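Coordinate analysis (summary)
So you can see what is in the structure, the chains are spelled out below.
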Amino acid sequence: MKTSSLFGGAAGLFDPAAFSEDLHPRELRNVFGRCWLFLGLDSTIPKKYDYFTTYMGEDSVIVQRDSKDRIRVYLNRCPHRGSALCVFDSGSAKAFTCAYHGWTFTDGELTGVPYRREAYQNELDLSAHSLYEVPKVKVYGGLVFATWDANAKPLEEFLGDAKWYLDTFLIREEMGGLEGVPSPQRYIMPVNWKLLAENFAGDDYHFEFTHQAVVQAMSRGKDDRLKHRPDKVRSFSVAANHRSGPPHGFLELRVSDEPFKIDLAHARALGADCAEWVEERQRRLEEKLAVFALKPYSFHIGNIFPNLALIGIGSATYAKGLIQHHPRGSNVTEVWVWAAVEKSAPQALKDRQKFVLMQRQAAAGIVAPDDHEIFQRIAPNLRAEESKRRPLLYNMALKDDERETSPPEFASGPRWPGKILPQFSEVIQRDFYRYWAELMDREI
Ligand code: FES
Ligand code: FE
């Protein structure tokens, strides 16, 4: 059966079988084995031999800065009998020694074998047993990406329209770039990774209902420190590479100086240096956006296909949340929340950025658990006998798939890259699953 047949084409009806266990091995091979995947931040491994471990799909990998200062990625698997080589989250190691028979690897090469003469009569060719290495690694604005596909197109091409959004609102080289906070927060969700990814990619529709408690707390105005989302501000969504490549999505592009004013008020409370930095940052952003009639302050949420979710992007008082949704079987996702702050920001503002991200997006934050509850209400219904035979609806504004650009404000003049959409749309989610099915149906 073709995976693409799970999607009811023009009607926008999706078959819950897209989340089934049967498809999972193919998903690991065709999606996670072929796409560029985000692995972490290079600033968390600043010195030679520094490393961290993470996952590509369900494969554990070691990301290390080697003796020549190059970032390399190895399968965390001893080539001898398959034991995990490194059991730590991060650290510094000139060599990794396997705990089973003691083989030792330096810069990925096998450099030590116990009893080599006695056990192997000196006939073991060390050069034939290096660690399995991920063939393509690229650091982009401090973000480490890698792919198992040796023939993959360059990362810049994979990002396509998304590049402008990452450069302008996330990486901000003009302000000195990103500083990664070591060690992501991790937790397990008993749901398929796609439910989380598609939510970040394209679901601004849920916010006011799922997150009612936060919305109410903000609107009561008892504590201004909670306020980050301005009321009644024109907001757009963007489908990057619409029907032309990897579907990355960006939400809550707020066109107004309200979000800036809120940030500035928070910064003033922290000190004059923080306020000055926020003003300078805004001046530089406006310079970059000078050609556009509508100038977004940020995008707040997004997803780089397949499993890098983004949150808090653009606000000067919110750390950038870079969230990996690692699959663990078809019905479990390991969520890793990395944080990055802006290198040049005053320390008080960096501290504030980290606090705000965790206050909202930590496993026990005031926002993320709302979503977790919903995903866990959906997950059993994707498997239960009668329930799984009924379609899921992704049919909001189907005509927007074809329309050149929807919001009339963009009728003339330079536009932001990608397909600009109204705030509420399911175009990005349809793009997500269409492309996913395309990858799944490829013969590899
Ligand atoms: Fe690693 Fe044998 S499994 S040395
Ligand atoms: Fe949410």
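Residues numbered from 1 in each chain as written. Chains lettered and ligands numbered in written order. Predicted model: local features only at pLDDT ≥ 70, side-chain atom pairs only at ≥ 80, totals over all residues. Heavy atoms only, no water.

Focus: the overall build of the protein
A count of helical and extended segments in the protein gives twelve helices and 20 strands. With the principal axes as the frame, the protein shows a C-alpha extent of 75 × 60 × 40 Å. In the protein, which comprises 444 residues, the proportion classed as buried is 55%. In the protein, 64% of the contacts between residues at least 6 apart in sequence involve partners at least 24 apart. Only carbon and sulfur atoms are counted for the fraction: they give 51% of the accessible area of the protein, which is about 19200 Å². The average position of the 57 basic charges and that of the 60 acidic charges among the side chains of the protein differ by 0 Å. (Helix = DSSP H or I, 4+ residues; strand = E, 2+ residues; numbered from the N terminus. Buried < 20%, exposed > 50% of the residue type's maximum accessible area, 1.4 Å probe, protein only. Contact = heavy atoms within 4.5 Å. Areas by Shrake-Rupley, 256 points an atom, 1.4 Å probe, with all protein chains shown as cover. Lys, Arg positive; Asp, Glu negative; His and termini not counted. Charge placed at Lys NZ, Arg CZ, Asp CG, Glu CD.)

Remarks on the coordination of the iron ion (ligand 2)
Four donors placed tetrahedrally around a metal ideally meet at 109.5 degrees, and six donors placed octahedrally ideally meet at 90 or 180 degrees. Coordination sphere of the iron ion (ligand 2), protein contribution only: His206 (NE2), His211 (NE2), Asp371 (OD) and Asp371 (OD), at 2.1 to 2.5 Å. The site at the iron ion (ligand 2) holds four donor atoms, and with the angles between them running 55 to 147°, its shape is irregular. Site description for the iron ion (ligand 2): donor spacing in sequence, H-x4-H-x159-D. By the burial criterion, His206 is buried, and His211 matches it. (Donors = N, O, S within 2.8 Å, 3.2 Å for Na, K, Ca; no water. Tetrahedral: all angles 85-135°; square planar, octahedral: opposite > 155°, others 65-115°.)

Looking at the pattern of salt bridges
Counted according to the given criterion, the structure contains 31 salt bridges. A salt bridge links Asp89 to Arg186; the nearest nitrogen and oxygen atoms lie 3.3 Å apart. Pair noted here: Asp89 is in the loop between strand S5 (71-75) and strand S6 (90-92) and Arg186 is in strand S12 (residues 178-189), with a separation of 97 residues, a long-range link. Residue classification places Asp89 among the partly exposed residues on the basis of a relative accessible area of 44%. Where Asp401 meets Arg243, a salt bridge forms, and the shortest distance between an N and an O atom there is 3.8 Å. You can see Asp401 sitting in the loop between strand S19 (392-393) and strand S20 (419-422) and its partner Arg243 sitting in the loop between strand S13 (234-240) and strand S14 (248-255), a full 158 residues away along the chain. With relative accessibility at 7%, the residue Asp401 sits in the buried group. Each member of the salt-bridge network shares a partner with another, and the members are Arg243, Asp401, Glu402, Arg430, Asp431 and Arg434. (Salt bridge = Lys/Arg side-chain N within 4 Å of Asp/Glu carboxyl O.)

What to know about the sheet that holds strand S17 (residues 320-327)
Sheet architecture is open: eight strands sit in the order S12-S18-S17-S16-S15-S14-S13-S20, paired in antiparallel fashion. Of all the strands in the sheet, just S12 and S20 have a single pairing partner and so form its edges. Sheet twist, expressed as the average angle between the axes of neighbouring strands with direction ignored, equals 25°. Taken strand by strand, helix H12 (residues 427-440) contacts S13, S14, strand S15 (301-304) and S20, and its axis lies near 15° from that of S13. (Pairing = 2+ DSSP bridges. Axes fitted to C-alpha atoms, helices over the stretch in contact; angles between N-to-C directions.)

Digging into the pairing of S14
Of all eight residues in S14, eight are buried, a share of seventy percent or more. Here S13 runs beside S14; their pairing, made up of six bridges, is antiparallel. For Val238, the partnering residue across the bridge sits in S14 and is Phe250. Relative to S15, S14 runs antiparallel, the two sharing three bridges. For Leu251, the partnering residue across the bridge sits in S15 and is Ile301.

Structural notes on the nonpolar core
Among the nonpolar cores identified, the biggest contains 110 residues, and Phe250, Leu310, Leu322, Trp416 and Trp436 are the most heavily contacted of them. For this core, the leading source of residues is H12, giving nine residues. Discounting chain neighbours no more than four positions away, the residues touching Leu310 are Leu166, Leu170, Phe200, Phe250, Phe299, His300, Ile301, Gly302, Ile304, Gly321 and Leu322. Of all hydrophobic cores here, the second largest spans 16 residues; its members include Tyr74, Cys78, Val113 and Leu124. (Core = buried A, V, L, I, M, F, W, Y, C linked by side-chain atoms within 4.5 Å.)

Section: the sheet that holds strand S11 (residues 143-147)
Strand order in the open sheet made by the three strands is S2-S11-S10, with antiparallel pairing throughout. The two strands at the open ends of the sheet, each matched to only one other strand, are strand S2 (37-41) and strand S10 (136-140). Put simply, the sheet's adjacent strands are angled 25° from each other on average, direction ignored.

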